Amino acid sequence: MQYQPRNPYMQTSVQTANPAALLIMLYDGAIRFCRQGIEAINEQRNADAHTSLMKTQDIISEFIITLDRSNPVSESLLLLYEYFKQRLIEANTRKETEPAEEVLGHLLDLKATWVEAAKQVNQMAGQANGSSFTATHSTVV
């Protein structure tokens, strides 16, 4: 039996994306799963909350694994990501939304920062190449 991707467009998007776009896609996923976890807690769907919050933690673990440790900001990001994981564990074990809502707010802020950084890099690259600037878009969450 041959594996059929659930969403061929998404698979192609991921395979052809640059590192900044991949990072933004991961943030989109973390935000989406965190929101789903919060919603599930509010609706007392504990199994769904657990699944969504674990997916959020998995994405944050991927952020940790792929950090460029030679970059001076990586140590701060590492501490922040570890904090996020701890707060998500609290939300999951206590089935309380407040810790997950805190993480969600930080994820939204960080995503906005990375989107802006990607735009600036694209703009500088466009100016260096003499081409016009095309804005970086992220998926809707």
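The present account deals with the structure reproduced in this document. (Residues numbered from 1 in each chain as written. Predicted model: local features only at pLDDT ≥ 70, side-chain atom pairs only at ≥ 80, totals over all residues. Heavy atoms only, no water.)

1. Examining the pattern of salt bridges
Oppositely charged side chains can pair when the atoms bearing their charge come close. Applying the stated rule across the entire model yields eight salt bridges. One salt bridge connects Arg45 with Glu39, and the closest N-O pair in it is separated by 3.7 Å. Judged by its relative accessible area of 30%, Arg45 falls in the partly exposed class. We note a salt bridge from Arg87 to Glu90, for which the minimum N-O separation is 2.7 Å. Placement of the pair is Arg87 and Glu90 together in helix α4 (residues 74–94), with a separation of three residues, close to one helical turn. For Glu90, a relative accessible area of 17% puts it in the buried group. Connected through salt bridges with shared partners, the residues Arg87, Glu90, Arg94, Glu98 and Glu102 form a single ionic network. (Salt bridge = Lys/Arg side-chain N within 4 Å of Asp/Glu carboxyl O. Buried < 20%, exposed > 50% of the residue type's maximum accessible area, 1.4 Å probe, protein only. Helix = DSSP H or I, 4+ residues; strand = E, 2+ residues; numbered from the N terminus.)

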